[in-house]
Amino acid sequence: MEKGIKIVTIGGGSSYTPELMEGFIKRYESLPLSEIWLVDIPEGKEKLETVGKMAQRMWDASPYDVTVHLSLDRREALKDADFVTTQFRVGLLDARIKDERIPLSHGFLGQETNGPGGIFKALRTIPVLLDIVEDMKELCPNAWLINFTNPSGMVTDAIVRYGKWEKVLGLCNVPVNSLINEPEMLNVGEGELTHHFAGLNHFHWHRVKDANGHDVTDQLNKQLVEDASSLPSNIFDVPFFEEQLQQMQLIPCGYHRYYYRAEEMLEHALKEYNDPEIGTRAEQVRQTEKELFELYKDEHLDHKPEQLSQRGGTHYSDVACETIASIASNKNTHVVVSTVNKGAVPDLAPDDVVEVSAYINATGAQPIAFGSLHPAERGWLQVMKNMELCVEEAAVTGDYGLLLQAFIINPLIQSGESAKQVMNELLIAHKAYLPQFADTIAQLEAQGVTIKDDKARALSAETSLKEV
């Protein structure tokens, strides 16, 4: 590109931003930036300023003359952007704590992107992303939207399906962990293995071949049963069943533990929930973030701290920055992305967004055909995708019955009156961020629905007071 590249990061006050800056600095020669804008909401102003100063120190310590701009005005920042990256959480960490604690109080899994919590994260997030897309259509119609906001797959699908915006790719660091760790497990160099991914975000499988074209999937699976070092730090290590891995001839995503070992994962989550010294993963992350932001305030810190790896998003910059660089320089790099299927996974519709291996160039993602899955994996995939489609439509329409359908379909939610109660409590808990369900929530409140978990109820009360 002749001119420098303008990048806008929405959710710029995130603790992940230094990871992103590190990636851009490493790739500056192939991705020359002229402007970086970090954007956040007024509630995130303090974090934005802290992270913004940290980001500027990182650039100042590099050989490159780049200025980091901070803004609470999204439209001001988006003007003429080349790339827009998104990494925000609607409702901040308080919302995630409620997503986890409310289901667990009824004996259901509480998790950021799986089960009831993942559904409600999508309900809060999709309308905001669709608003951002409308601004982009007006202010930077040629920009690429690179989405890291969870649940990344559902959000990306909704952007294509309801936002009618095709220049979007959804990203996740989980496949990158496999690309980096699995060569080490076989004592070969990075790049000597060929990985092939297919499925959905946080619900994919992959197979691997060595430099001679021999399939080494089984060999890796045997080692993964014994060593979970490639797991993200936010997933509890319960070994997969070896017999299942031998039969499927595929390597499952780390998040498949929530489905293949649901009993054990729920037991672990409940144990942490019931221990006031530990708390849910969201409460643990809050402490980690507090420590990170204290580090970021250090005027002498000009590099990404090692503690950031505890956040669970390590290698984020490897996939985000490499994807942007590959589009900008037409590099045809292999990246695992959420993109429109186009027949790569024939078990799903061609217009469904899937997470697959793809070559990334100036035209976006060219998905690599994977072929049909076997019955067990095909069944899981089709159930999960159709559950996601119900959630996306409910996020846009506010249809209570459709949301209930999504809850009933979701494999991690045992259908029945308790599931409906969890759903109703989550609707009330996130009232401030679910205007599409306003009438339904008013009816639930009139019926006297209350939140069972004390901490979640207190957080919801605090949110209500802020809204007054």
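Sequence order sets the numbering: in each chain, residues are counted from 1 along the sequence as written. Per-residue local features of the predicted model are confined to residues with pLDDT of at least 70, and side-chain atom pairs are confined, for both listing and counting, to 80 or more; whole-chain, interface and lining totals are unaffected and use all residues. Where side-chain values are given, they derive from all heavy atoms of the structure, hydrogens and water being excluded.

Labelled according to an unreviewed UniProt entry, the protein chain appears under the name 6-phospho-beta-glucosidase, originating from Mammaliicoccus sciuri. UniProt, in the comment section headed Sequence similarities (unreviewed entry), describes the protein chain in these words: "Belongs to the glycosyl hydrolase 4 family." UniProt positions are given in the numbering used here, feature names are shortened, and annotations may be inferred rather than shown by experiment.

S.K.: Where do I start with the overall build of the protein chain in this structure?
M.R.: Only DSSP runs of H or I reaching four residues or more are called helices, and only runs of E reaching two or more are called strands; each is numbered from the N terminus. Scanning the protein chain from N- to C-terminus turns up 18 helices and twelve strands. The quantity called the radius of gyration is restricted to C-alpha atoms. Its globule counterpart is 2.2 Å times the number of residues to the power 0.38. Relative to a compact globule of 468 residues, whose C-alpha radius of gyration would be 23 Å, the protein chain shows 21 Å and is just as compact. Across the 468 residues that make up the protein chain, the buried fraction comes to 59%. Excluding contacts between residues fewer than 6 apart, the proportion of contacts in the protein chain whose partners are at least 24 apart in sequence is 71%. Computed with a 1.4 Å probe, the accessible areas rest on the Shrake-Rupley method; for each residue, only the protein chains presented here act as cover. Total accessible area on the protein chain stands at roughly 19000 Å², and carbon and sulfur atoms take up 48% of it. Exposed residues in this analysis have more than 50% of their type's maximum accessible area, buried residues have under 20%, and partly exposed residues fall in between, with area computed by a 1.4 Å probe over protein chains only. Contact criterion: two residues are considered in contact whenever any of their non-hydrogen atoms come within 4.5 Å of each other.

S.K.: Explain the packing of helix 14 (residues 375–397) against helix 15 (residues 400–409) to me, please; I cannot follow it from the model alone.
M.R.: Packed helices, taken two at a time, are described by their axes: the angle between them and the distance between them. Only the stretch in contact is used when fitting a helix axis, every axis being a line fitted to C-alpha atoms; angles between N-to-C directions are given from 0 to 180 degrees. It is at 8 Å that the axes of helix 14 and helix 15 come closest, and there the two elements cross at 155°. In terms of their interaxial angle, helix 14 and helix 15 are classed as roughly antiparallel. Note on packing geometry: the crossing formed by helix 14 with helix 15 is left-handed. From helix 14, V383, M387, C390, V391, E393 and A394 reach across to helix 15, where they touch L402, L403, A406 and I409. Charged residues are taken to be Asp, Glu, Lys and Arg, nonpolar residues to be Ala, Val, Leu, Ile, Met, Phe, Trp, Tyr, Cys and Pro, and polar residues to be all remaining types, Gly included. Of the residues contributing to the contact of helix 14 with helix 15, the split by class is nine nonpolar, no polar and one charged. Should an angle fall under 35 degrees it is taken as roughly parallel, and over 145 as roughly antiparallel, whereas 65 to 115 is taken as roughly perpendicular and any remaining angle as oblique. When the near helix sits turned anticlockwise from the far one by under a right angle, the crossing is termed left-handed; a clockwise turn instead gives a right-handed crossing.

S.K.: What is the right way to read helix 1 (residues 17–26) from this model?
M.R.: Owing to its 3.6 residues per turn, the α-helix brings residues three or four apart onto one side. Burial of helix 1 is extensive: eight of the ten residues sit out of reach of the surface. Packing partners of the buried residues in helix 1 comprise strand 1 (5–10), strand 2 (33–39), helix 2 (45–60), strand 4 (83–86), helix 12 (281–296) and helix 13 (316–329).

S.K.: Teacher, can you tell me more about the pairing of strand 11 (residues 353–361) here?
M.R.: Note on strand geometry: in a regular strand, side chains alternate between the two faces of the sheet. The buried fraction of strand 11 amounts to eight of the nine residues, a majority that puts the element mostly inside the structure. Criterion used throughout: strands pair if DSSP finds at least two bridges between them. Bridge count between strand 10 (residues 333–340) and strand 11: eight bridges; the pairing is antiparallel. Across the sheet, residue S338 finds its bridge partner in strand 11, namely E355. By the bridge criterion, four bridges tie strand 11 to strand 12 (residues 364–367) in an arrangement that is antiparallel. Pairing of A358 across the sheet is with P367, part of strand 12. What sits between the antiparallel neighbours strand 11 and strand 12 is a turn of two residues.

S.K.: Even after reading the chapter, I still don't get the sheet that holds strand 7 (residues 194–200), so can you show me in this structure?
M.R.: By definition, the strands of a sheet pair up through backbone hydrogen bonds, in either a parallel or an antiparallel sense. The antiparallel open sheet is built from three strands, whose spatial order is 7-8-9. The outermost strands of the open sheet, each flanked by one partner alone, are strand 7 and strand 9 (251–252). By the bridge criterion, seven bridges tie strand 7 to strand 8 (residues 203–209) in an arrangement that is antiparallel. Its bridge partner lying in strand 8, F197 is registered against H206. Along the sheet face, helix 7 (residues 174–185) touches strand 7, strand 8 and strand 9 and points at about 160° away from the line of strand 7. Contacting strand 7 and strand 8, helix 14 crosses the sheet at an angle of about 140° to strand 8.

S.K.: Would you take a moment to explain unusual backbone geometry for this structure?
M.R.: When glycine is set aside, most residues are seen to have a negative phi, and most peptide bonds are trans. Of note, the bond from N150 into P151 is cis; its omega dihedral lies within 30 degrees of zero at -10°. Tracing the backbone through its elements, the reader meets P151 in the loop between strand 5 (144–147) and helix 6 (152–161). Within the chain, D80 stands out as a residue other than glycine whose phi angle is a positive 65°. Mapped onto the secondary structure, D80 falls in the loop between helix 3 (74–78) and strand 4. In this structure, H202 is a non-glycine residue whose phi angle is positive, near 60°. Within the secondary structure, H202 sits in the loop between strand 7 and strand 8.

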